[in-house]
Structures are given as C-alpha cells and as structure tokens.
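# Understanding the architecture of this molecule
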Amino acid sequence: MADTNENNESDKPVIGKETVKKEGKKVKKYDKWNINNIETFLELYEGYPCLWDYKLAEYKDRNLKEDGWLQIVKGMNMPNFTVKDAKEKMRSLRNTYSNELVKITKSKSSGSGLDDVYTPTLRWFPTMDRILGAVVKTRESQVIGIPNEDGNKVGIKFCNVR
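Here is a short report on the structure shown in this document.

Attention now goes to the packing of aromatic side chains. This model, assessed by the stated rule, comprises 4 aromatic pairs. Both rings, one in Tyr45 and one in Trp69, keep their centres 5.8 Å apart while their planes meet at 40 degrees; by these two values the pair is tilted. One end of the pair, Tyr45, is in helix H1 (residues 35–46); the other, Trp69, is in helix H2 (residues 62–76), with 24 residues separating them in the sequence. For the residue pair Tyr45 and Trp69, the accessibility class agrees, reading buried in each case. Plain terms: the ring middles of Tyr97 and Phe125 are 5.2 Å apart, the flat faces sit at 35 degrees to each other, and that makes the pair tilted. Taken together, the residues span a long stretch of sequence, with Tyr97 in helix H3 (residues 83–109) and Phe125 in helix H4 (residues 125–132) at a distance of 28 residues. When its relative accessible area of 1% is taken as the criterion, Tyr97 is described as buried. Taking the relative accessible area as the measure of exposure, Phe125 reaches 8% and is therefore buried.

The topology assignment puts Lys89 in helix H3. Exposure remark for Lys89: the relative accessible area of 18% places this residue in the buried category. For the pair Lys89 and Phe41, spaced 48 residues apart in the sequence, the C-alpha separation amounts to 9.2 Å. Beyond its immediate sequence surroundings of up to four residues, Lys89 is in contact with Trp33 and Phe41.

Quick notes on the rules
- Residues numbered from 1 in each chain as written.
- Predicted model: local features only at pLDDT ≥ 70, side-chain atom pairs only at ≥ 80, totals over all residues.
- Heavy atoms only, no water.
- Phe/Tyr/Trp six-rings, centres within 6.5 Å; stacked < 30°, edge-to-face > 60°.
- Helix = DSSP H or I, 4+ residues; strand = E, 2+ residues; numbered from the N terminus.
- Buried < 20%, exposed > 50% of the residue type's maximum accessible area, 1.4 Å probe, protein only.
- Contact = heavy atoms within 4.5 Å.

In structure tokens:
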C-alpha cells in the first residue's frame with residue numbers, strides 16, 4: 001500500500017508515512033529503529049558534512065543540503081521514508097547525543113573519581129561522537145540575577161545563548 005501525491009506522479013517523493021494497524025491502533029512503521037538502521041543512517045549523514053559542519057561554506061547552501069538529505073533518504077532504502085522523517089530522526093539522535101554529553105560533563109565536574117565518570121551505553125554514540133564531536137558543544141548554564149551583599153548573583157539558572 002503506497003501513498004501517492006496529489007498529481008499521481010511516481011517520480012516525486014512520497015509524502016506521509018504508511019501506517020499499519022496493530023491491536024486496533026495505527027502505528028508508524030519507523031517508530032523503532034534497530035542499531036543497524038541507526039548506524040547506516042549516521043554513516044550516510046557523515047558523508048554530507050554540509051548538513052552538520054557549520055564551519056564549511058557549503059553549510060549555508062540550502063540546495064546542497066536538501067540534495068544531501070535526499071541522498072540519505074535514498075540510501076536508507078525504506079519505503080515511504082521522507083526527508084522530513086530523516087530530519088526528525090537526526091534531531092532526535094542529536095538531542096540524545098547532547099544529553100549524553102551533558103551526563104559526561106556533569107559526572108566529571110561532580111568531583112567523582114576517574115572510575116566514576118559516566119560512560120554512554122548507546123552503541124551508536126561513538127559514531128555520532130566521531131561525526132559531531134568537533135562541532136557540537138554543550139552549553140554551560142549561568143546564574144542571572146541581582147547581586148547580593150557578597151557580590152554573588154542570586155536568581156535563576158539559564159543556558160548561555162550563542
């Protein structure tokens with residue numbers, strides 16, 4: 001059961017996701033990815049630095065980036081998998097990666113010994129770290145508020161905005 005677009009042209013990308021009924025509920029086919037799918041996806045993503053390396057001039061080229069996403073979708077070879085799906089998946093993986101970096105940083109700064117530093121258990125973390133390690137930095141939080149009598153600021157913690 002393949003979706004078609006409004007013009008019924010087979011050469012255009014399919015919009016939407018095919019769903020299957022499971023116990024009376026509609027479930028997206030791509031809810032759960034196995035490690036092989038994630039590794040393949042990340043390896044394809046790594047091949048298009050215009051999508052992730054903001055230091056490159058190509059990073060600002062929207063057409064080149066869109067072509068990169070299209071190639072990743074083709075490389076995944078999943079029916080009805082769209083550029084939108086790929087971008088959502090990458091956003092999810094980047095968020096998880098960033099959360100793992102925060103856990104590592106917090107465990108290092110907590111005063112615990114070297115043996116107690118958090119080690120990510122995600123099997124795809126080393127691949128993501130190889131790709132994004134040089135370009136993704138965690139934000140440090142800072143206290144913004146009114147200085148008290150000692151000159152220390154009291155208030156709410158906010159993340160630095162770059």
